[in-house]
Amino acid sequence: SGSWDSCTSCTSTTSHNCLHSEDVHLSCAVEVAAFTLVNDEGHTFNVTHDQSAGLLLYNGQTVCDDGFTFNSANAICREMGYSRASSWRSGNFYVIQSDYDIGLDDVVCSSDSWDSCTSTTSHNCGHGEDVHLNCVPEVSADVFTIVNEAGEDGQGRGLLLYNGQTVCDDGFSDNSAIAICGLVGYDGFDSWRNGQFFDIQANLEIGLDDVICSSGSWDSCTSTTSHNCGHGEDVHLNCVPEVSADVFTIVNEAGEDGQGRGLLLYNGQTVCDDGFSDNSAIAICGLMGYDGFDSWRNGQLFDIQTSLEIGLDDVICSSGSWDSCTSTTSHNCGHGEDVH
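Residues numbered from 1 in each chain as written. Predicted model: local features only at pLDDT ≥ 70, side-chain atom pairs only at ≥ 80, totals over all residues. Heavy atoms only, no water.

## A few points about the nonpolar core
Counting 28 residues, the largest nonpolar core has Leu56, Val63, Phe68, Ile76, Met80 and Leu133 as its most contacted members. The element contributing the most residues to this core is helix H1 (residues 70–79), with 5 residues. Those residues within four positions of leucine 56 in sequence are excluded, and the remaining contacts are Phe35, Thr36, Leu37, Gln61, Thr62, Val63, Phe68, Ile76, Met80, Val131, His132 and Leu133. Counting residues in each nonpolar core, the second largest holds 19 residues, with Tyr162, Leu208, Val235 and Leu237 among its members. (Core = buried A, V, L, I, M, F, W, Y, C linked by side-chain atoms within 4.5 Å. Buried < 20%, exposed > 50% of the residue type's maximum accessible area, 1.4 Å probe, protein only. Helix = DSSP H or I, 4+ residues; strand = E, 2+ residues; numbered from the N terminus. Contact = heavy atoms within 4.5 Å.)

Below, the structure is given as C-alpha coordinates:
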(Lines give C-alpha, C1' and ligand atoms only; values in the text may rest on other atoms or scores of the structure.)
Protein backbone atom coordinates (compact mmCIF):
# COMPACT_ATOMS: atom_id res chain seq x y z
CA SER A 1 0.00 0.00 0.00
CA GLY A 2 1.08 3.62 -0.56
CA SER A 3 -0.13 4.66 2.90
CA TRP A 4 2.46 4.96 5.66
CA ASP A 5 -0.16 4.05 8.24
CA SER A 6 -0.89 0.77 6.47
CA CYS A 7 2.71 -0.05 5.70
CA THR A 8 3.26 -3.04 8.04
CA SER A 9 6.43 -3.94 6.13
CA CYS A 10 8.17 -0.60 6.91
CA THR A 11 10.77 -0.20 9.65
CA SER A 12 12.99 2.79 10.45
CA THR A 13 15.22 4.30 13.12
CA THR A 14 16.14 7.82 14.20
CA SER A 15 19.78 6.83 14.78
CA HIS A 16 22.11 6.56 11.78
CA ASN A 17 25.64 5.91 10.54
CA CYS A 18 25.26 7.95 7.34
CA LEU A 19 26.82 10.86 5.43
CA HIS A 20 24.91 13.51 3.45
CA SER A 21 26.02 11.82 0.26
CA GLU A 22 23.47 9.16 1.22
CA ASP A 23 20.60 11.67 1.64
CA VAL A 24 17.47 10.63 -0.24
CA HIS A 25 15.98 13.04 -2.79
CA LEU A 26 12.33 12.31 -3.57
CA SER A 27 10.03 13.52 -6.35
CA CYS A 28 6.35 13.04 -5.57
CA ALA A 29 3.66 13.06 -8.23
CA VAL A 30 0.84 15.54 -7.74
CA GLU A 31 -2.61 15.26 -9.21
CA VAL A 32 -3.12 17.87 -11.92
CA ALA A 33 -6.23 19.01 -13.67
CA ALA A 34 -6.61 17.41 -17.09
CA PHE A 35 -6.69 20.81 -18.84
CA THR A 36 -5.10 24.06 -17.68
CA LEU A 37 -4.18 27.42 -19.19
CA VAL A 38 -0.79 29.00 -18.47
CA ASN A 39 0.71 32.39 -19.29
CA ASP A 40 4.09 33.02 -20.93
CA GLU A 41 5.84 32.29 -17.62
CA GLY A 42 4.04 28.96 -17.11
CA HIS A 43 1.77 30.25 -14.32
CA THR A 44 -1.71 28.76 -14.26
CA PHE A 45 -4.85 30.86 -14.73
CA ASN A 46 -7.98 30.12 -12.76
CA VAL A 47 -11.64 30.58 -13.60
CA THR A 48 -12.02 33.67 -11.39
CA HIS A 49 -10.31 35.74 -14.11
CA ASP A 50 -12.70 37.80 -16.23
CA GLN A 51 -11.00 36.35 -19.26
CA SER A 52 -8.20 33.79 -19.47
CA ALA A 53 -6.08 33.44 -22.57
CA GLY A 54 -2.94 31.35 -22.71
CA LEU A 55 -1.18 28.15 -23.67
CA LEU A 56 -3.42 25.08 -23.33
CA LEU A 57 -1.95 22.15 -21.41
CA TYR A 58 -3.29 18.61 -21.01
CA ASN A 59 -1.87 16.93 -17.90
CA GLY A 60 1.01 19.39 -18.06
CA GLN A 61 1.75 18.89 -21.75
CA THR A 62 0.81 20.94 -24.80
CA VAL A 63 -2.06 20.17 -27.17
CA CYS A 64 -1.54 19.92 -30.94
CA ASP A 65 -3.99 21.65 -33.30
CA ASP A 66 -4.63 18.68 -35.63
CA GLY A 67 -8.41 18.30 -35.85
CA PHE A 68 -8.93 21.17 -33.40
CA THR A 69 -12.04 23.29 -34.04
CA PHE A 70 -14.20 25.80 -32.23
CA ASN A 71 -16.18 22.83 -30.86
CA SER A 72 -12.94 21.54 -29.33
CA ALA A 73 -12.22 24.97 -27.83
CA ASN A 74 -15.70 25.30 -26.33
CA ALA A 75 -15.66 21.77 -24.92
CA ILE A 76 -12.30 22.26 -23.21
CA CYS A 77 -13.20 25.69 -21.82
CA ARG A 78 -16.35 24.16 -20.32
CA GLU A 79 -14.28 21.32 -18.84
CA MET A 80 -12.19 23.96 -17.04
CA GLY A 81 -15.27 25.69 -15.62
CA TYR A 82 -15.69 28.46 -18.17
CA SER A 83 -18.80 29.23 -20.19
CA ARG A 84 -17.24 29.04 -23.64
CA ALA A 85 -14.24 29.89 -25.77
CA SER A 86 -13.94 33.33 -27.30
CA SER A 87 -11.01 32.45 -29.58
CA TRP A 88 -8.15 30.04 -30.16
CA ARG A 89 -5.00 29.99 -32.24
CA SER A 90 -1.98 27.77 -32.74
CA GLY A 91 1.70 28.64 -32.81
CA ASN A 92 4.96 28.84 -30.92
CA PHE A 93 4.28 32.15 -29.13
CA TYR A 94 5.92 31.48 -25.73
CA VAL A 95 9.59 30.68 -25.09
CA ILE A 96 8.51 28.10 -22.49
CA GLN A 97 6.72 25.90 -25.04
CA SER A 98 9.95 24.12 -25.97
CA ASP A 99 10.22 22.97 -22.34
CA TYR A 100 7.01 20.94 -22.59
CA ASP A 101 6.23 17.61 -24.19
CA ILE A 102 3.29 17.46 -26.60
CA GLY A 103 0.63 15.39 -24.85
CA LEU A 104 -2.55 15.42 -26.93
CA ASP A 105 -3.46 15.47 -30.61
CA ASP A 106 -6.44 15.03 -32.95
CA VAL A 107 -8.95 16.60 -30.55
CA VAL A 108 -12.04 16.19 -32.70
CA CYS A 109 -15.38 17.22 -31.14
CA SER A 110 -18.81 16.96 -32.75
CA SER A 111 -20.31 19.43 -30.23
CA ASP A 112 -19.24 21.73 -27.41
CA SER A 113 -19.41 18.86 -24.89
CA TRP A 114 -16.25 16.97 -23.98
CA ASP A 115 -18.26 13.73 -24.15
CA SER A 116 -18.48 14.22 -27.91
CA CYS A 117 -14.70 14.44 -28.35
CA THR A 118 -12.08 11.93 -29.42
CA SER A 119 -8.32 12.41 -29.12
CA THR A 120 -5.00 10.60 -28.94
CA THR A 121 -1.89 10.96 -26.81
CA SER A 122 0.34 10.08 -29.77
CA HIS A 123 1.16 12.90 -32.19
CA ASN A 124 3.07 13.99 -35.28
CA CYS A 125 3.35 17.65 -34.26
CA GLY A 126 5.81 20.39 -33.48
CA HIS A 127 5.36 23.22 -31.01
CA GLY A 128 4.35 25.52 -33.85
CA GLU A 129 1.04 23.64 -33.70
CA ASP A 130 0.47 24.14 -29.94
CA VAL A 131 -3.03 25.39 -29.13
CA HIS A 132 -3.50 28.72 -27.30
CA LEU A 133 -7.00 29.15 -25.97
CA ASN A 134 -9.07 32.09 -24.75
CA CYS A 135 -11.91 31.17 -22.37
CA VAL A 136 -14.61 33.41 -20.87
CA PRO A 137 -16.82 32.89 -17.81
CA GLU A 138 -20.59 32.89 -17.67
CA VAL A 139 -21.85 36.23 -18.87
CA SER A 140 -25.08 38.15 -18.66
CA ALA A 141 -26.79 40.18 -21.37
CA ASP A 142 -25.07 43.16 -22.97
CA VAL A 143 -21.47 42.28 -22.00
CA PHE A 144 -18.99 43.97 -24.31
CA THR A 145 -15.21 43.51 -24.25
CA ILE A 146 -12.41 44.81 -26.45
CA VAL A 147 -9.48 42.48 -27.19
CA ASN A 148 -6.13 42.79 -28.94
CA GLU A 149 -4.82 40.56 -31.74
CA ALA A 150 -3.98 37.83 -29.20
CA GLY A 151 -7.53 37.81 -27.84
CA GLU A 152 -6.44 39.40 -24.56
CA ASP A 153 -7.62 42.61 -22.89
CA GLY A 154 -7.00 45.43 -25.36
CA GLN A 155 -7.24 48.22 -22.76
CA GLY A 156 -10.14 49.75 -24.67
CA ARG A 157 -8.58 49.44 -28.12
CA GLY A 158 -9.05 46.57 -30.56
CA LEU A 159 -11.66 44.05 -31.70
CA LEU A 160 -15.11 44.57 -30.19
CA LEU A 161 -16.76 41.46 -28.75
CA TYR A 162 -20.30 40.93 -27.48
CA ASN A 163 -20.50 37.99 -25.08
CA GLY A 164 -17.30 36.65 -26.66
CA GLN A 165 -18.47 37.05 -30.26
CA THR A 166 -17.76 39.72 -32.86
CA VAL A 167 -20.04 42.64 -33.71
CA CYS A 168 -21.08 43.37 -37.31
CA ASP A 169 -20.96 46.94 -38.59
CA ASP A 170 -24.46 47.04 -40.11
CA GLY A 171 -26.13 50.14 -38.66
CA PHE A 172 -23.08 50.91 -36.49
CA SER A 173 -22.40 54.64 -36.02
CA ASP A 174 -20.49 57.07 -33.83
CA ASN A 175 -23.47 56.93 -31.43
CA SER A 176 -23.04 53.16 -31.22
CA ALA A 177 -19.34 53.61 -30.45
CA ILE A 178 -20.01 56.21 -27.73
CA ALA A 179 -22.73 54.06 -26.12
CA ILE A 180 -20.61 50.90 -26.03
CA CYS A 181 -17.47 52.68 -24.82
CA GLY A 182 -19.61 54.13 -22.03
CA LEU A 183 -20.87 50.66 -21.10
CA VAL A 184 -17.32 49.35 -20.72
CA GLY A 185 -16.25 52.28 -18.55
CA TYR A 186 -14.70 54.77 -20.98
CA ASP A 187 -15.52 58.41 -21.52
CA GLY A 188 -15.82 58.30 -25.29
CA PHE A 189 -14.13 56.95 -28.39
CA ASP A 190 -11.25 57.95 -30.65
CA SER A 191 -12.26 55.97 -33.71
CA TRP A 192 -13.88 52.81 -35.00
CA ARG A 193 -13.44 50.83 -38.19
CA ASN A 194 -14.52 47.54 -39.73
CA GLY A 195 -12.46 44.76 -41.22
CA GLN A 196 -10.71 41.46 -40.66
CA PHE A 197 -7.47 42.74 -39.12
CA PHE A 198 -6.76 39.98 -36.55
CA ASP A 199 -6.16 36.28 -37.29
CA ILE A 200 -8.35 35.31 -34.33
CA GLN A 201 -11.47 36.71 -36.00
CA ALA A 202 -11.78 33.64 -38.22
CA ASN A 203 -12.16 31.48 -35.10
CA LEU A 204 -14.97 33.58 -33.61
CA GLU A 205 -18.68 33.58 -34.22
CA ILE A 206 -20.52 36.79 -35.12
CA GLY A 207 -22.84 37.58 -32.22
CA LEU A 208 -24.45 40.98 -32.79
CA ASP A 209 -25.66 43.02 -35.74
CA ASP A 210 -27.68 46.15 -36.55
CA VAL A 211 -26.47 48.10 -33.50
CA ILE A 212 -28.47 51.26 -34.14
CA CYS A 213 -28.31 54.01 -31.48
CA SER A 214 -30.21 57.29 -31.63
CA SER A 215 -27.89 58.83 -29.02
CA GLY A 216 -24.72 58.06 -27.08
CA SER A 217 -26.71 56.12 -24.44
CA TRP A 218 -27.06 52.32 -24.65
CA ASP A 219 -30.71 52.74 -23.63
CA SER A 220 -31.33 54.33 -27.04
CA CYS A 221 -29.89 51.36 -28.96
CA THR A 222 -31.49 48.41 -30.72
CA SER A 223 -29.69 45.35 -32.04
CA THR A 224 -30.16 41.75 -33.09
CA THR A 225 -28.22 38.52 -32.49
CA SER A 226 -29.04 37.28 -36.02
CA HIS A 227 -26.83 38.57 -38.83
CA ASN A 228 -26.01 38.46 -42.53
CA CYS A 229 -22.34 39.40 -42.10
CA GLY A 230 -18.82 38.19 -42.71
CA HIS A 231 -15.78 38.90 -40.54
CA GLY A 232 -14.75 41.66 -42.95
CA GLU A 233 -17.55 43.63 -41.30
CA ASP A 234 -16.35 43.07 -37.69
CA VAL A 235 -16.16 46.28 -35.65
CA HIS A 236 -12.84 47.40 -34.14
CA LEU A 237 -13.25 50.13 -31.54
CA ASN A 238 -10.86 52.55 -29.85
CA CYS A 239 -12.28 53.92 -26.60
CA VAL A 240 -10.65 56.67 -24.54
CA PRO A 241 -10.72 57.29 -20.79
CA GLU A 242 -11.84 60.57 -19.32
CA VAL A 243 -9.07 63.05 -19.95
CA SER A 244 -8.04 66.41 -18.57
CA ALA A 245 -5.83 69.11 -20.07
CA ASP A 246 -2.34 68.25 -21.26
CA VAL A 247 -2.74 64.47 -21.36
CA PHE A 248 -0.17 62.88 -23.65
CA THR A 249 -0.01 59.19 -24.56
CA ILE A 250 2.12 57.15 -26.93
CA VAL A 251 0.50 54.30 -28.89
CA ASN A 252 1.74 51.56 -31.21
CA GLU A 253 0.46 50.83 -34.72
CA ALA A 254 -2.60 49.05 -33.26
CA GLY A 255 -3.51 52.10 -31.17
CA GLU A 256 -2.51 50.33 -27.95
CA ASP A 257 -0.04 51.39 -25.25
CA GLY A 258 3.33 51.76 -26.95
CA GLN A 259 5.35 51.63 -23.72
CA GLY A 260 6.87 55.02 -24.48
CA ARG A 261 7.59 54.38 -28.17
CA GLY A 262 5.29 55.19 -31.10
CA LEU A 263 2.73 57.75 -32.22
CA LEU A 264 2.34 60.74 -29.87
CA LEU A 265 -1.24 61.64 -28.95
CA TYR A 266 -2.62 64.66 -27.10
CA ASN A 267 -6.00 63.89 -25.56
CA GLY A 268 -6.39 61.09 -28.10
CA GLN A 269 -5.41 63.20 -31.13
CA THR A 270 -2.12 63.46 -33.04
CA VAL A 271 0.50 66.18 -32.58
CA CYS A 272 1.84 68.16 -35.54
CA ASP A 273 5.59 68.74 -35.86
CA ASP A 274 5.45 72.52 -36.49
CA GLY A 275 7.83 74.08 -33.95
CA PHE A 276 8.59 70.69 -32.36
CA SER A 277 12.15 70.29 -31.07
CA ASP A 278 14.29 68.17 -28.77
CA ASN A 279 13.12 70.41 -25.91
CA SER A 280 9.50 69.57 -26.79
CA ALA A 281 10.35 65.85 -26.74
CA ILE A 282 12.11 66.09 -23.37
CA ALA A 283 9.25 68.08 -21.83
CA ILE A 284 6.53 65.68 -23.04
CA CYS A 285 8.46 62.54 -22.07
CA GLY A 286 8.93 64.10 -18.64
CA LEU A 287 5.17 64.73 -18.33
CA MET A 288 4.57 61.04 -18.97
CA GLY A 289 7.05 59.96 -16.32
CA TYR A 290 10.06 59.19 -18.51
CA ASP A 291 13.58 60.46 -17.85
CA GLY A 292 14.27 61.69 -21.37
CA PHE A 293 13.93 60.67 -25.02
CA ASP A 294 15.91 58.60 -27.51
CA SER A 295 14.61 60.12 -30.72
CA TRP A 296 11.60 61.63 -32.47
CA ARG A 297 10.46 61.83 -36.06
CA ASN A 298 7.47 62.86 -38.13
CA GLY A 299 5.45 61.04 -40.77
CA GLN A 300 2.39 58.97 -41.56
CA LEU A 301 3.84 55.67 -40.39
CA PHE A 302 0.74 53.94 -38.92
CA ASP A 303 -2.55 53.15 -40.71
CA ILE A 304 -4.52 54.34 -37.67
CA GLN A 305 -3.35 57.95 -38.12
CA THR A 306 -5.94 58.61 -40.81
CA SER A 307 -8.70 57.72 -38.32
CA LEU A 308 -7.51 60.33 -35.82
CA GLU A 309 -7.87 64.09 -35.70
CA ILE A 310 -4.86 66.38 -35.32
CA GLY A 311 -5.16 67.97 -31.87
CA LEU A 312 -2.04 70.01 -31.19
CA ASP A 313 0.40 72.15 -33.16
CA ASP A 314 3.27 74.62 -32.68
CA VAL A 315 4.62 72.91 -29.55
CA ILE A 316 7.49 75.32 -28.88
CA CYS A 317 9.53 74.80 -25.70
CA SER A 318 12.41 76.98 -24.57
CA SER A 319 13.68 74.26 -22.21
CA GLY A 320 12.97 70.64 -21.28
CA SER A 321 10.19 71.70 -18.88
CA TRP A 322 6.54 71.69 -19.98
CA ASP A 323 6.10 74.98 -18.12
CA SER A 324 8.32 76.60 -20.77
CA CYS A 325 6.15 75.39 -23.67
CA THR A 326 3.47 77.09 -25.75
CA SER A 327 1.13 75.34 -28.19
CA THR A 328 -2.18 75.67 -30.02
CA THR A 329 -5.09 73.29 -30.72
CA SER A 330 -5.61 74.83 -34.18
CA HIS A 331 -3.35 73.59 -36.98
CA ASN A 332 -2.50 73.71 -40.66
CA CYS A 333 -1.07 70.19 -40.80
CA GLY A 334 -1.53 66.81 -42.47
CA HIS A 335 -0.85 63.43 -40.91
CA GLY A 336 2.50 63.33 -42.69
CA GLU A 337 3.59 65.83 -40.01
CA ASP A 338 2.41 63.71 -37.04
CA VAL A 339 5.07 63.34 -34.33
CA HIS A 340 6.34 59.86 -33.37
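## A short note on the state of the cysteines
Applying the stated criterion to the full structure yields 8 disulfides. Cysteine 109 shares a disulfide with cysteine 117; S-S distance 2.0 Å. Its torsion about the S-S bond being 110 degrees, the disulfide of cysteine 109 and cysteine 117 is classed as right-handed. Shown here is the disulfide that connects cysteine 272 with cysteine 333, its sulfur atoms set 2.0 Å apart. With the S-S dihedral at roughly -90 degrees, the linkage between cysteine 272 and cysteine 333 falls on the left-handed side. Of this pair, cysteine 272 sits in the loop between strand S17 (269–271) and helix H3 (278–287) while cysteine 333 is found in the segment after strand S19 (325–328), placing the two residues 61 residues apart along the sequence. (Disulfide = S-S within 2.5 Å.)

## Section: the side chain of aspartate 234
Relative to the assigned elements, aspartate 234 resides in the loop between strand S13 (221–224) and strand S14 (235–240). Within the buried set, aspartate 234 has no salt-bridge partner at all; the shortest N-O distance to an opposite charge, 12 Å, is to arginine 193. For aspartate 234, the side chain forms a polar contact with the side chain of threonine 166, separated by 2.9 Å. A polar contact is formed between the side chain of aspartate 234 and the side chain of histidine 231, at a distance of 2.7 Å. Residues within four places of aspartate 234 in sequence aside, it is in contact with Leu159, Thr166, Val167, Arg193, Asn194, Gly195, Gln201 and Ile206. (Lys, Arg positive; Asp, Glu negative; His and termini not counted. Salt bridge = Lys/Arg side-chain N within 4 Å of Asp/Glu carboxyl O. Polar contact = N/O pair within 3.5 Å; in protein donor to acceptor, adjacent residues only side chain to side chain.)

## Here's the deal with H1
Of all the 10 residues making up H1, 7 are buried; the element is thus mostly covered by neighbouring parts of the structure. Inspection of H1 places Phe70, Ser72, Ala73, Asn74, Ala75, Ile76 and Cys77 among the buried residues, and these make up the whole buried set. Just beyond H1, the residue with positive phi is glycine 81, at close to 100 degrees.

## As for the sheet that holds strand S16 (residues 263–266)
For sheets, the rule is that strands pair by backbone hydrogen bonds, running either parallel or antiparallel. One open sheet holds the 5 strands; their spatial order is S15-S16-S17-S18-S19, and the pairing between them is mixed. Each edge of the sheet is formed by a strand with only one pairing partner; in this case those strands are strand S15 (248–251) and S19. Strand-to-strand, the axes of this sheet are offset by a mean angle of 40 degrees, without reference to chain direction. Relative to strand S18 (residues 310–317), S17 runs parallel, the two being bridged by 2 bridges. In the sheet register, valine 271 faces S18, and the bridge partner there is leucine 312. Sitting on the sheet, H3 touches S15, S16, S18 and S19, and the angle it makes with S18 is about 115 degrees. (Pairing = 2+ DSSP bridges. Axes fitted to C-alpha atoms, helices over the stretch in contact; angles between N-to-C directions.)

## Overview of the pattern of salt bridges
Tallying each qualifying case throughout the model produces 3 salt bridges. The salt bridge partner of aspartate 112 is arginine 78, with a shortest N-O separation of 3.0 Å. In this pair, aspartate 112 sits in the loop between strand S5 (102–109) and strand S6 (117–120) while arginine 78 sits in helix H1, placing the two residues 34 residues apart along the sequence. Given a relative accessible area of 35%, aspartate 112 falls into the partly exposed group. On the basis of relative accessible area, arginine 78 is assigned to the partly exposed category, the value being 45%. Of the charged contacts in the structure, one is a salt bridge between arginine 157 and aspartate 190, with a shortest N-O distance of 2.3 Å. Of the two residues, arginine 157 is situated in strand S9 (residues 157–162) and aspartate 190 in strand S11 (residues 188–194); the sequence distance between them amounts to 33 residues.

## Observations concerning the packing of aromatic side chains
Geometrically, a pair of aromatic rings is defined through the distance of the ring centres and the angle of the planes. By the definition in use, this model includes 9 aromatic pairs. Ring plane angle 55 degrees and centroid distance 5.2 Å describe the contact between phenylalanine 35 and tyrosine 58, whose orientation is recorded as tilted. Separated by 23 residues along the polypeptide, phenylalanine 35 in strand S1 (residues 35–38) and tyrosine 58 in strand S2 (residues 52–58) bring together distant segments of the chain. Ring geometry for phenylalanine 144 against tyrosine 162: centres 5.2 Å apart, planes inclined by 55 degrees, an arrangement best described as tilted. Pair noted here: phenylalanine 144 is in strand S8 (residues 144–147) and tyrosine 162 is in strand S9, with a separation of 18 residues, a long-range link. The class for phenylalanine 144 is buried, based on a relative accessible area of 6%. Of the residues examined, tyrosine 162 reaches a relative accessible area of 11% and is grouped as buried. Here a set of aromatic residues connected by ring pairs shows up, and it is made of Phe35, Tyr58 and Trp114. Across the ring face of phenylalanine 93, the terminal group of arginine 89 is positioned such that the distance to the ring centre comes to 3.8 Å. Here the guanidinium or amino end of arginine 193 rests over the ring plane of phenylalanine 197, the centre of that ring lying 3.9 Å away. (Phe/Tyr/Trp six-rings, centres within 6.5 Å; stacked < 30°, edge-to-face > 60°. Lys NZ or Arg CZ within 6 Å of the ring centre and 35° of its normal.)

On their own, these measurements won't tell you what the molecule is for.
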